[in-house]
Amino acid sequence: MVKLTLIARVTDGLPLAEGLDDGRDLKDAEFYKQQAKALFKNLSKGHNEASRMSIETGPFVFHYIIEGRVCYLTMCDRSYPKKLAFQYLEDLKSEFEKVNGSQIETAARPYAFIKFDTFIQKTKKLYMDTRTQRNISKLNDELYEVHQIMTRNVQEVLGVGEKLDQVTQMSSRLTSESRIYADKARDLNRQALIRKWAPVAIVLGVVILLFWVRKKIW
């Protein structure tokens, strides 16, 4: 059964729409919504390149598709047919592009298309019962296959993003520290040269001064 549905812009992770009554019968609904938003954040950073993926999380599975810089994501029970989950997302994608496609790039505030919830709820009801003739026909549709869609674990997916962030931060820190060390090394070399040649310069200066004074006297 479909538990959560969220739609977000991939380029910046901005949430565009969601199922408003999703999660009312779901324990820890907010926890899973936060996981979904973390997935959107990872996608906005380019950490996952697959345009279709299933991600296991506890007793549920996130399924998502990316099309036209938009991510359509749903979370279902593990027992819910993967094929129906992705066809549900395809239906949402087709309608969302038709109704809001021209405004997706210019949307500036979260949930700018929250009215799309009406279509989400209507479509979710059609996919609720896997035993209806409609859904049985979809399950038997050989033209739409999902065998090639990768399934991963949510800790693995989010962990990759966290590790990449840590590597990026470490790299920036090392670059900054390298610049500081290079500046300090130049200062030390300059000081060493001054200490080495300063006495010689002083002696030469004194000798030249003495010669100049002697010449003036004579």
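What you are looking at is a predicted structure, and each value in this text was computed from that prediction instead of being measured.

A. Highlighting the packing of aromatic side chains. Under the defined criterion, the tally for this structure stands at seven aromatic pairs. Centroid distance Tyr32 to Phe60: 5.2 Å. Interplanar angle 85°. Geometry classified as edge-to-face. Here Tyr32 is found in helix H1 (residues 29-44), whereas its partner Phe60 is found in strand E4 (residues 60-67), with 28 residues between them in sequence. You'll find Tyr32 and Phe60 in the same group, each marked buried. Note on Tyr88 and Tyr127: the rings are 5.6 Å apart at their centroids and 65° apart in plane angle, and the pair reads as edge-to-face. Taken together, the residues Tyr88 in helix H2 (residues 82-100) and Tyr127 in helix H3 (residues 117-128) connect sequence positions 39 residues apart. Residue classification places Tyr88 among the buried positions, given a relative accessible area of 0%. Feature note: the residues Tyr72, Phe96, Phe113, Phe116 and Phe119 constitute an aromatic cluster, connected by ring pairs. Here the basic side chain of Arg134 rests over the ring of Tyr127, its NZ or CZ set 4.5 Å away from the ring centre.

B. Examining the environment of Phe62 more closely. Tracing the backbone through its elements, the reader meets Phe62 in strand E4. When the C-alpha positions of Phe62 and Thr5 are compared, they lie 9.4 Å apart, and in sequence the two are 57 residues distant. The contact partners of Phe62, leaving out residues within four places of it in the chain, are Tyr32, Gln35, Ala36, Leu39, Met53, Ser54, Ile55, Thr57, Leu73, Thr74 and Met75.

C. Broad picture of the side chain of Thr74. Residue placement: Thr74 occurs in strand E5 (residues 70-77). Of note is the side chain of Thr74, whose polar atom sits 2.8 Å from the backbone oxygen of Leu4. Other than its neighbours up to four places away in sequence, Thr74 contacts Val2, Leu4, Thr5, Val61, Phe62, His63, Ala85, Tyr88 and Leu89.

D. Focus on H1. For H1, which comprises 16 residues, the first-to-last C-alpha distance of 23 Å matches the rise-based estimate of 22 Å (1.5 Å per residue) to within 8%. Those residues of H1 not exposed but buried are Ala29, Tyr32, Lys33, Gln35, Ala36, Leu39, Phe40, Asn42 and Leu43. Once H1 finishes, Gly46 follows within two positions and takes phi at roughly 75°, a positive value.

E. Representation of the pattern of salt bridges. This structure, assessed with the given rule, holds 11 salt bridges. Two residues, Arg131 and Asp129, come together in a salt bridge whose shortest N-O distance is 3.2 Å. Notably, a salt bridge pairs Glu156 with Arg152, separated by 3.3 Å at the nearest N-O pair. Taken together, the salt bridges that share partners define one network made up of Arg52, Glu67, Glu90 and Lys93.

The rules behind each value
Residues numbered from 1 in each chain as written. Predicted model: local features only at pLDDT ≥ 70, side-chain atom pairs only at ≥ 80, totals over all residues. Heavy atoms only, no water. Phe/Tyr/Trp six-rings, centres within 6.5 Å; stacked < 30°, edge-to-face > 60°. Helix = DSSP H or I, 4+ residues; strand = E, 2+ residues; numbered from the N terminus. Buried < 20%, exposed > 50% of the residue type's maximum accessible area, 1.4 Å probe, protein only. Lys NZ or Arg CZ within 6 Å of the ring centre and 35° of its normal. Contact = heavy atoms within 4.5 Å. Polar contact = N/O pair within 3.5 Å; in protein donor to acceptor, adjacent residues only side chain to side chain. Expected span 1.5 Å × (residues − 1). Salt bridge = Lys/Arg side-chain N within 4 Å of Asp/Glu carboxyl O.

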